[in-house]
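In case you want the letters, here they are:
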Amino acid sequence: MYEKIIILDFGSQTTQLIGRRIRELNTYCEILPYNRFPEDATGVKGVILSGSPYSTNDAGAFRTDLARLRGKYPTLGICYGAQLMACEAGGRVESAETREYGRAHLTSVDGNDPLLQGIHAGAQVWMSHGDTVTRLPAAFQAVAGTDDVATAAYRISGENTWGVQFHPEVYHTNDGTRLLDNFLRICGCKRDWTPASFIESTVAGLKDRLGDDRVILALSGGVDSSVTAVLLNRAIGKNLTCIFVDHGLLRKNEFKHVLRDYEHLGLNVTGVKVEDLFYSRLAGVADPEEKRRIIGKGFIDVFEEEARKLKGVKWLGQGTIYPDVIESLSITGTVIKSHHNVGGLPEKMHLKLVEPLRSLFKDEVRRVGLELGMMPHLIRRHPFPGPGLGIRVLGDVTAEKVHILQEADDIYISLMRSWNLYDKVWQAATILLPVRSVGVMGDERTYEYTVALRAVTSTDAMTADWAQLPYDFLGKVSSEIINKVRGVNRVVYDISSKPPSTIEWE
């Protein structure tokens, strides 16, 4: 069992970034709801309390039993976590006269403090709080401040317990990784969590969990399901059957290309073409959440039917990764979107789920894939949603609309590759908008669809910025699509970031 850091999530948008930073420092961590510190704390080396959208003074503010943590494990409170520890110990947390959002600079730093080793006055930090600690409890000592906040960081005397009002997990805090590195040193972590160690422990765990049971795996052709397939294949070999479903919502020629790519992996893959089933179920449905649910249920129905043909299958393997879980299931009760392999699952399912990548971010999955020896072009493939083009055709889905989108998307992605832009962005996509506009081709009036081009840069899909593609490239793509794809007379480029937008439009 890995030694680990427990991150208690109070609902911050950057909680997952804390986890990524800890893992980048080769230390395993688990993100748990704020009130679910594990009963079995074997291997826990330290605890981090995240930020929160709440104020500690709100009636419904999230709270946890700090007595289980303080003095028992090295503890670091970030923003709300720091304010909560001060508040619960009798300090005062109030709405600040000068709120701090964005960049700030430390004006004082206790250079002898173990948490702040190597961090000096003038260091840039990232603030995001309206409340501040205005009175420290007894035994709490300020160890850093800014011009506007006297207690930007504190330590509790006699304990390995700290609180910081800034966010060390975000890139804008220049020495944030150093601070987290210092915390892991205080915790005595060995730093032995790597892609190789993940593979070793995961394969061993799968062998123990699955035994001689048969597993059916939903392959999509993407990175996540491909890495999942290789891990399961190492664990159970011939007891794994992979199913690649053509639901009529794949990109142009994708069914053929994906089956060809899997030949080198030595996997047992069956291709199933069921376009008519999905088109009939999606007929007239425009709501994106309903489309996701329909597609999710359709996948499960197909997999269960294939499992019955195979006989004796007890498990459904899926390439679920952590961002899927985060967006589908939130501790605050807010669902951003239901992913087909999380929120779209029916309540009663005849197969048990096995999801070996459920705790990994996309960049971690790619590193694991490379460690497994998979072909680089499979690992570098852009994310493609399980519902496929069903959520890139906005509004109701028809075979005609999907065909138009397939042709436009093929031009866009092919040109990205030929211009050496594909590997420079995180994800590129074409979206068919549910509006028509007037155009002119030759001497004739047209009234056709608009497609939107989307390309983003990211490291983990939790945040993303729009890619600044060359104008001459965008001009070439627009010209090619309008001239070659019947049904499209207008092309636009999406320049919105996540947040506030999401990467996919639906």
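Structure report, in brief. Here the structure is a predicted model, which is why all the values come from computation and not from measurement.

What to know about the pattern of salt bridges
The full count for this structure, using the stated rule, is 31 salt bridges. Salt-bridge contacts for E24 lead to R20; the nearest nitrogen and oxygen are separated by 3.1 Å. Here E24 pairs with R20, and both are found in helix α1 (residues 15-24), just four residues apart, close to one helical turn. The class for E24 is partly exposed, based on a relative accessible area of 38%. Judged by relative accessible area, which is 3%, R20 ranks as buried. Between R70 and E159 there is a salt bridge; the shortest N-O distance is 2.8 Å. With R70 in the loop between β3 (44-49) and β4 (75-78) and E159 in the loop between β8 (153-156) and β9 (161-164), this pair connects stretches of sequence that are 89 residues apart. Residues joined in a network through salt bridges with shared partners are R20, R21, E24, D363 and R367.

Considering the sheet that holds strand β12 (residues 269-273)
Across the sheet, which stays open at both edges, the five strands sit in the order β12-β11-β10-β13-β14 with parallel pairing between neighbours. Strands at the two margins of the open sheet, each flanked by one partner only, are β12 and β14 (352-354). This sheet shows a mean twist of 30° between the axes of neighbouring strands, independent of strand direction. Strand direction decides the pairing type here: strand β13 (residues 313-317) and β14, joined by three bridges, are parallel. Across the sheet, W315 pairs through a bridge with K352, a residue of β14.

Considering the packing of helix α4 (residues 195-210) against helix α10 (residues 362-371)
Running from amino to carboxyl end, α4 crosses α10 at an angle of 80°, the nearest separation of the two axes being 9 Å. Between α4 and α10, the crossing angle belongs to the class labelled roughly perpendicular. Counted together, P195, A196, F198 and I199 of α4 and R367, V368 and E371 of α10 form the full contact between these two elements.

Basis of the calculations
Residue numbers restart at each chain and count upward from 1, following the sequence in its written direction. In keeping with the predicted nature of the model, local features appear solely for residues at pLDDT of at least 70, side-chain atom pairs appear and are counted solely at 80 or more, and the whole-chain, interface and lining totals rest on all residues. Water and hydrogen atoms play no part in the side-chain values, which are based on all heavy atoms of the structure. Criterion for a salt bridge: a side-chain nitrogen of Lys or Arg within 4 Å of a carboxyl oxygen of Asp or Glu. Secondary structure follows DSSP: runs of H or I at least 4 residues long count as helices, runs of E at least 2 residues long count as strands, and numbering of each begins at the N terminus. Partly exposed describes any residue whose relative accessible area lies between the buried limit of under 20% and the exposed limit of over 50%, with all areas from a 1.4 Å probe on protein chains only and scaled to the type maximum. Strands were regarded as paired on the criterion that DSSP finds at least two bridges between them. Geometry is summarised by axes, namely lines fitted to C-alpha atoms with helices restricted to the contacting stretch, and by angles between N-to-C directions that run from 0 to 180 degrees. Any angle from 65 to 115 degrees is called roughly perpendicular, while one under 35 is roughly parallel, one over 145 is roughly antiparallel, and all others are oblique. Two residues qualify as a contact provided that any one of their heavy atoms is within 4.5 Å of a heavy atom in the partner residue.

All quantities given are derived from atomic positions and should not be read as evidence of function.
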